[in-house]
Each structure stands twice: as structure tokens, then as C-alpha cells.
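Residues per chain, in single letters:
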Amino acid sequence: MSVDFTKMTKKDVGKLFDYASLAKDLTEEQVRNGCKEAIKYNCKAFCYSSSYWTPVVKEELEGTDLLIGAGIGFPLGQQTSAVKAFEAEEAVKMGATVLDNCMNVGNMKEKKYDAIKAEFKDYVSAAGGVLTKMIIECCMLTDEEIKIACELCVEAGIDYVKSSTGHYAGPTMEQTVLMRDCLKGTKTKLKVSGVKAPKPQNAYAYLMAGAELIGTQDAPMIIDSLDLMREVGIVPKYQG
Ligand SMILES: O=C[C@H](O)COP(=O)(O)O
């Protein structure tokens, strides 16, 4: 289902964004400031790449409705299933309320579907009921592989298929529509990330094409550009 901006306030638009902070040299001060930004822009979650930051993020987001989003197996996804499951459990134990896990892309390339299914099952069970996302890194996949990855996520009961880590290229519009169509009529939603190129404001085009959530380090700037996007007709209308 594509987003209808005509029924949204600018504050509602914030809830279409996960604000990500993924730098390797991320400091506690940056994490705390990022959380404050995410709250200010009414984002859905503050996402960070490893469970390590969970207590700091939990403290900063206390009393808000923002989700605490830990990355799992970030960004390569080549850890064993047991290691990723432990990382998920640990993050949840410390307070994470949503997890962004990375699929083992090589397994998909080699059609090792049983290994993927087992890993997805371990992950959902380790998450223990918090929201689950699976990053499929669709810039590395064929259309057929994207379709199979979506089907396996649905089968495992994963809450979101996520297009990208943001460490490589984002999805094309065609891949976004393909994922949207694969997930149609299922409980699994679509999160698109890697929207930086060619312009971060492309996020709105992805939302209109069927993404239900955008993950980006540029969330504040993209939300701030909403007025301009409306003026030039990229976003039809929104309520104030
Ligand atoms: O988890 C991935 C991030 O949401 C990607 O953010 P980025 O594309 O702005 O680097």
C-alpha cells in the first residue's frame, strides 16, 4: 500500500522514517544527539548498527514512543545463525524493541534455502516477539532472488523485508515495486534504505511506490525538505 500524503501531517511523516546512525567511529555523544534528533523529528525508531549502544539509546528514548533499533550481523550477515541469534537475544535483553538483521547473501546466491530458512527461524525465535526486519541487500540480488527472499521472510513471519544496509547501493524503483508486489496481501511490510543516491529526497518516491518505512541517516534533512518536495510536486499534498 503506498503512502497517502494527503492525509498526513508533517509529524506523521516523521513516523515513516527510521533515523539511522551507522558510522564505524560513532561516539556516545553522537548516539545521544542522534536520539534527540530522532525524537524531534518524530521518527519511528532510532537505529544503530550493533547491540552495544542499546542501553544508551534506551536511556535517551525513555518515555517516548520511538523504537530502539539494533542492527544484527551488520553489515555482512556472514556470522553463524547462532551468533546472530545471540546478538538478537542480547539486544532485546538490554531493551531493543526492533531488530534489523542481515541475511547471508551468499547463501541466497547458492540457493541454500534450507540454511536461510533455519537462520530466519532462529532469528524470529531469538527476537522473542519484538519487531523483526531482514535486510536482503537487493542491489546484489536478481529479481528471482529478491522474490524468493521476500517469500522466505513471509514464511518465517518476519515483520519487514528491508532492502539494504546503506553500505552498498540502494534498491532501484523496479526492485522496490517488485518487493511491494511480493509482499502484497501478507503481514510482512517493506522498509527501504540506501536512499542517498542520487538524492536523499528520493525517499518520497520510494514511499509512493510502496515502501512503508524508510531507513536513513539523512532523516532530518529529508523531512525538512518536505515543503520543497510539495512545492515542486514530488509529494502531492499533506496537511500542514
Ligand atoms: O540500516 C540502514 C540505514 O537505514 C541506511 O541509511 P543510509 O542509506 O542513510 O546510510
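Residues numbered from 1 in each chain as written. Predicted model: local features only at pLDDT ≥ 70, side-chain atom pairs only at ≥ 80, totals over all residues. Heavy atoms only, no water.

Going by what an unreviewed UniProt entry lists, the protein chain is known as Deoxyribose-phosphate aldolase and is assigned to Anaerofustis stercorihominis DSM 17244.

## With respect to the nonpolar core
As a reminder, the rule being used: Take the buried Ala, Val, Leu, Ile, Met, Phe, Trp, Tyr and Cys residues and link them wherever side-chain atoms come within 4.5 Å; each set so joined is a nonpolar core. Burial here depends on accessible area, computed with a 1.4 Å probe over protein chains only, as a share of the maximum for the residue type. Under 20% is buried, over 50% is exposed, and the range in between is partly exposed. We count a stretch as a helix when DSSP gives it H or I for four or more residues in a row; a strand needs E for two or more, and each element gets its number in order from the N terminus.
By size, the foremost hydrophobic cluster in this structure holds 65 residues, and its most contacted members are Phe17, Leu99 and Ile136. At six residues, helix α7 (residues 143-156) tops the list of elements feeding residues into this core. Core analysis: the next-biggest nonpolar cluster, separate from the first, contains eight residues, Ala20, Phe74, Val98 and Cys102 among them.

## Brief notes about the layout of surface pockets
Applied cut-off: Buriedness of a pocket was judged along seven lines, with at least five required to meet protein on both sides within 12 Å; pockets are open sets of points on a 1 Å grid over the protein atoms alone, cavities are sets where a 1.4 Å probe fits but cannot get out, and lining residues have an atom within 4 Å of a point. Grid points are joined across faces, edges and corners, and a volume is the space filled by probe spheres set on the points. Only Asp, Glu, Lys and Arg are considered charged, only Ala, Val, Leu, Ile, Met, Phe, Trp, Tyr, Cys and Pro nonpolar, and every remaining residue, Gly among them, polar.
In this structure, the largest pocket encloses a volume near 220 Å³. Taken together, Leu22, Ala23, Lys24, Leu26, Ser49, Ser50, Trp53, Gly73, Phe74, Pro75, Glu87 and His167 make up the lining of the largest pocket. Taken together, the residues of the lining of the largest pocket sort by class into six nonpolar, four polar and two charged.

## Observations concerning the sheet that holds strand β2 (residues 45-48)
Condition: Paired strands, in this sense, are two strands between which DSSP finds at least two bridges. For every element, the axis is a line fit to its C-alpha atoms; helices are fit only across the contacting stretch, and the angle between N-to-C directions ranges from 0 to 180 degrees.
Strand order in this closed barrel of eight strands is β1-β2-β3-β4-β5-β6-β7-β8, and the pairing throughout is parallel. Mean inter-strand twist for the sheet, computed between neighbouring axes without regard to direction, equals 25 degrees. Here four bridges tie strand β1 (residues 17-21) to β2, and the two strands are oriented parallel to one another. Counted as the bridge partner of Ala20 is Cys47 from β2.

## A short note on the packing of aromatic side chains
Note the following rule: Think of it this way: a Phe, Tyr or Trp ring, Trp meaning its six-membered ring, pairs with another when their centres are within 6.5 Å, and the plane angle makes it stacked under 30 degrees, edge-to-face over 60, tilted otherwise.
Evaluated as defined, the whole model comprises four aromatic pairs. With centroids separated by 6.3 Å and ring planes inclined at 25 degrees, the aromatic side chains of Phe46 and Tyr48 adopt a geometry described as stacked. In this pair, the class of Phe46 matches that of Tyr48, namely buried. Here the aromatic cluster, defined as three or more aromatic residues joined through ring pairs, consists of Tyr19, Phe46 and Tyr48.

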